[in-house]
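# Survey of secondary and tertiary structure
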Amino acid sequence: MKQQAAVIGVGQTRHRARRADVSIAGLCREAVDRAIADAGVGLADIDAVVVGKAPDLFEGVMMPELYLADALGATGKPLLRVHTAGSVGGATALVAASLVQAGVHRRVLAVAFEKQSESNAMWALSITPPFSMPVLAGAGGYFAPHIRAYIRRSGAPEHIGAMVAVKDRRNGSLNPYAHLQQPDITLESVRSSPMLWDPVRYDETCPSSDGACAVVLGDQAAAAAAEAAGRPVAWIRATSMRTEPTMFAGKDHVNPRAGADAAAALWRQAGITDPAGEIDAAEIYVPFSWFEPMWLENLGFAAPGEGWRLTAAGETEIGGSLPVNPSGGVLSSNPIGASGLLRFAEAALQVMGKAGAHQVAGARTALGHAYGGGSQYFSMWVVSSTPG
Amino acid sequence: MTDVAVVGFAQAPCVRRSDSTTSGVEMLVPIFAEVLASTGLAKGDIGFWCSGSSDYLAGRAFSFVQAVDAIGAFPPIMESHVEMDGAWALYEAWVKIRTGDADVALAYGFGKSSAGDLRRVLALQLDPYLLAPLWPDSVSIAALQARLGIDAGLWSEKEMAEVAARSRAAAVSNPRAQVSGEISAEELGTRPYIAEPLRAHDCAPVGDGAAVVILASAERAPGLCARPAWITGFEHRIDSGSLGARDLTTAPSAVAAGRAAGAGAVDVAELHAPFTHQEILLREALGLAGSVRVNPSGGALCGNPMFAAGLARIGEAARQIMTGRAGRALGHATGGPALQQNLVCVLEAR
């Protein structure tokens, strides 16, 4: 049966628009060095490495993990490269976790990165091969109609998106690693920023970031050893992944079944019957502000059409009943391939009590969530301060 | 942890140019139907799906996302993807079954090399700052490796031609092979070089294809296959990406993976060697005795669909067991320039 697994170390880079001070290898190594130091282990203690990143066209390097093997300390070890679109950072953590849960390895290093400044993501997403539907205006143009559908369906007031942006950017200003540092952002400034893809304004959109995240996962013995040495760990209580096609008759882009199914399986596995009551902090993949209320519903934190009420009431702020993205989330840092792993890692930091200025007081159980493709790839985990 | 067995395998014809899109759907649909029929499974019985492919080969972002259309993934499925040969997707599927999250899993790989210039595309796998800008193509890098081995006395052009002749003769009985035929090593040795010391027969043909393998837990396997191919060792390793830092006449990652997986004492081995000298190198690295039958399918030298050929090697090795032609078999897959990354799967009958 499944072995216990836990996060025993977390590291990330300072995310910026352009990290011209480091190569791709240097960027990854910055996160890896922090993660293994945090775990109190050396690279020699790592049994296998799992690498995740979004499309290779984002840097213009085919399968960059091949060139990165030395920098990641993977030479002579097993290395897996995961790619599941925007959810890849989450999938990377889940593949690494499964290696421990299957009893194959004791300590696994998960690394995810994106160095967007090396290429142009908008271009990479806009290549139109034969027989494929063009995305044209990048991710924002693709998702804006789904957001409009959500607003129409739920009757949400139009300022909800701006409220999410203000909250996440202010949270990001509490996180020294976050790309955007905007402590003075206001509802008025967001609502007067340029409209990019109606109804998504400039300040409601994720940035393009260079950044990396690394997580060390350990088995029960490795986690117990860390705890005995006074290092808190985050026990993995449940994991879940689901996929559905991009387009099909009856696809619900606002509330996709793959996300709802993944969440239902996750809560069941974790023994959670009241997610809104039992989750102390949630790191949810929100690249455009309106996805906060949409995913609150998809994840089962609120009934369909009601998610925006949590946001409106301030319940998703730090100090609210369900803090969402205390780290600042994807709206504050978006190294795409790493963005999912950052959500998973920030959830772990919360239950380890190591989130610093954006710590949710007393957080014991947290959600990490990522999605990708045309709202069709979902990965998530629940971590706790105790094995549960 | 449960034991896991291969219970099904299917492969699309290896062809120079298929009518498929680069997302592989047209190559995958028929082989999904074939492998499900052979095991009596329905789509809904698959607890975990995992694929291997490359966006760069497809010339676009997210090619694997469109490949999911070959499944018909609604209701939603548990699925993942590696940007590697499908053999590593099979590894992930094997891990998944061992966690207990699935009892039947399907791995697939696909590649349409005909959509681009493969030799140049693969140059983009190299160090992007120092090496890739020089565009050293994949055949030229393999030629450097072949030359180093010849100079070290590890193999000769004659022995390389013998590998090609034996592979092509074996492929005559493989209806999915792209290249086959009876031709002598002596005659091959008179052909012109394409990247000295490599001649055309020393290099895998460029082409399109796909492969699929189904795995099942100890509980499920016997009901799905009369003679399952039980996995007794499944290991992979990677070497440095810096070509100048490696001894190219061997592959430490293959040696280590083979040792950990128990590569010795097999009846037959399917080696993913896209160049003739690499078969000789791998036989040595994996410690295969001279009596081991190598590549009865013809191997990658007779059909090398990128991101599927490694998975097909494991499928072919498993088929040797499932059809009773071997008791113990080895499947091998490689990735990266000059055998940088290697995977070994050892299978046996029970």
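Before reading further, recall that the structure is shown in the block above.
Just so it is clear, the structure is predicted and the values come from calculations on it, not from any experiment.

## Regarding the pairing of strand S4 (residues 107–115) of chain A
All names here are of chain A. Most of S4 sits inside the fold, with 9 of its 9 residues counted as buried. In S4, alternate side chains face the same way, and those of Arg107, Leu109, Val111, Phe113 and Lys115 on one face and Val108, Ala110, Ala112 and Glu114 on the other are all buried. In this sheet, S4 lies alongside strand S2 (residues 48–52) in parallel orientation, the contact comprising 5 bridges. By the bridge assignment for S4, Gly52 is matched with Ala112. Of the strand pairs in this sheet, S4 and strand S7 (residues 210–219) are connected by 9 bridges, and their pairing is antiparallel. Among the inter-strand pairings, Phe113 is bridged to a residue of S7, identified as Ala212.

## Some remarks on the interface of chain A and chain B
Listed per partner, the contact involves 56 residues of chain A and 55 residues of chain B. Contact with chain B buries surface across chain A, with A:Met62, A:Leu66 and A:His83 losing the most and accounting together for 15% of the total. Where chain A touches chain B, the interface holds 1 salt bridge. Salt-bridge contacts for B:Asp101 lead to A:Lys2; the nearest nitrogen and oxygen are separated by 2.8 Å. Across the contact surface, chain A and chain B share 14 residue pairs in polar contact (both at pLDDT 80 or more). Elements supplying a minimum of two residues to the side of chain A that touches chain B: helix H2 (65–68), strand S3 (79–82), helix H3 (88–101), helix H4 (121–125), strand S8 (234–243) and helix H9 (257–270) of chain A.

## Some details on the nonpolar core
If you look at the biggest cluster of nonpolar residues, it comprises 219 residues, and the most contacted ones within it are A:Leu72, A:Ile284, A:Leu367, A:Trp381, B:Tyr108, B:Leu215 and B:Leu347. Residues in contact with A:Leu367, not counting those within four places in the same chain, are A:Leu266, A:Trp267, A:Ile279, A:Ala281, A:Ala282, A:Glu283, A:Ile284, A:Leu299, A:Phe301, A:Ala347, A:Met380 and A:Trp381. Core analysis: the next-biggest nonpolar cluster, separate from the first, contains 34 residues, B:Ile150, B:Trp155, B:Ala269 and B:Ala285 among them.

## Points about unusual backbone geometry
In the segment running from B:Phe74 into B:Pro75, the intervening peptide bond is cis, with an omega of 5°. Checked against the element boundaries, B:Pro75 lands in the loop between helix H3 (63–67) and strand S3 (79–82). Each neighbour pair has its own omega, and for B:Glu196 with B:Pro197 the value is 10°, a cis peptide bond. Within the secondary structure, B:Pro197 is located in the loop between strand S5 (193–195) and strand S6 (198–199). In this structure, A:Ala85 takes a positive phi of about 60° despite not being glycine. For A:Ala85, the position within the fold is in the loop between S3 and H3. Although it is not a glycine, B:Phe62 sits at a positive phi angle of roughly 65°. With relative accessibility at 17%, the residue B:Phe62 sits in the buried group.

## Things to note about the packing of aromatic side chains
The tally for this structure, following the rule as stated, stands at 23 aromatic pairs over all chains. Where A:Tyr67 meets B:Tyr129, the ring centres are 6.3 Å apart and the plane angle is 65°; that geometry is what we call edge-to-face. Here A:Tyr67 is found in helix H2, whereas its partner B:Tyr129 is found in the loop between helix H5 (118–123) and helix H6 (138–151) on a different chain. Judged by centre distance (5.5 Å) and plane angle (85°), the rings of A:Tyr285 and A:Tyr371 are edge-to-face. Of this pair, A:Tyr285 sits in the loop between strand S9 (281–283) and helix H11 (291–298) while A:Tyr371 sits in strand S10 (residues 365–372), placing them 86 residues apart in sequence. Among the aromatic residues, ring-to-ring pairing joins A:Tyr142, A:Phe143, A:Trp197, A:Tyr285, A:Phe288, A:Phe291, A:Trp295, A:Tyr371 and A:Phe378 into one connected group. Over the aromatic face of B:Phe74 sits the side chain of A:Arg257, whose NZ or CZ is 5.4 Å from the ring centroid. We note B:Arg120 situated over the ring of B:Trp135; from NZ or CZ to the ring centre the distance is 4.2 Å.

## Comments concerning the environment of B:Gly111
Along the chain, the position of B:Gly111 falls in strand S4 (residues 104–112). Sequence spacing of B:Gly111 and B:Cys225 is 114 residues, and the spatial spacing of their C-alpha atoms is 28 Å.

## Points about the packing of helix H7 (residues 157–170) of chain B against helix H11 (residues 276–285) of chain B
All names here are of chain B. With their axes 8 Å apart at the nearest point, H7 and H11 run at an angle of 95° to one another. Our classification of the angle between H7 and H11 gives roughly perpendicular. Here Glu159, Met160, Val163, Ala164, Arg166 and Ser167 of H7 lie close against H11, whose contacting residues are Thr276, His277, Glu279, Ile280 and Arg283. Here the contact of H7 with H11 is built from residues that sort into 4 nonpolar, 3 polar and 4 charged.

## Here's the deal with helix H4 (residues 86–99) of chain B
All names here are of chain B. Here H4 contains 14 residues, and its C-alpha end-to-end distance of 20 Å stays within 8% of the 20 Å for a straight helix at 1.5 Å per residue. Among the 14 residues in H4, 14 count as buried, and that is most of the element. Between the side-chain oxygen of the N-cap and the backbone nitrogen of Ala87 there are 2.8 Å, and the N-cap of H4 in question is Asp85.

## Focus on the side chain of B:Arg237
Relative to the helices and strands, B:Arg237 is located in strand S8 (residues 229–238). Among the polar contacts listed, one links the side chain of B:Arg237 to the side chain of B:Glu235, at a separation of 3.1 Å. Among all residues touching B:Arg237, those that are not within four sequence positions of it are A:Gly76, A:Lys77, A:Pro78, B:Ser253, B:Ala256, B:Ala257, B:Ala260, B:Gln340, B:Gln341 and B:Asn342.

So, how was this worked out
- Residues numbered from 1 in each chain as written.
- Chains lettered and ligands numbered in written order.
- Predicted model: local features only at pLDDT ≥ 70, side-chain atom pairs only at ≥ 80, totals over all residues.
- Heavy atoms only, no water.
- Buried < 20%, exposed > 50% of the residue type's maximum accessible area, 1.4 Å probe, protein only.
- Helix = DSSP H or I, 4+ residues; strand = E, 2+ residues; numbered from the N terminus.
- Pairing = 2+ DSSP bridges.
- Contact = heavy atoms within 4.5 Å.
- Buried area = accessible area lost by both parts, 1.4 Å probe.
- Salt bridge = Lys/Arg side-chain N within 4 Å of Asp/Glu carboxyl O.
- Polar contact = N/O pair within 3.5 Å; in protein donor to acceptor, adjacent residues only side chain to side chain.
- Core = buried A, V, L, I, M, F, W, Y, C linked by side-chain atoms within 4.5 Å.
- Phe/Tyr/Trp six-rings, centres within 6.5 Å; stacked < 30°, edge-to-face > 60°.
- Lys NZ or Arg CZ within 6 Å of the ring centre and 35° of its normal.
- Axes fitted to C-alpha atoms, helices over the stretch in contact; angles between N-to-C directions.
- Parallel < 35°, antiparallel > 145°, perpendicular 65-115°, else oblique.
- Nonpolar A, V, L, I, M, F, W, Y, C, P; charged D, E, K, R; others polar.
- Expected span 1.5 Å × (residues − 1).

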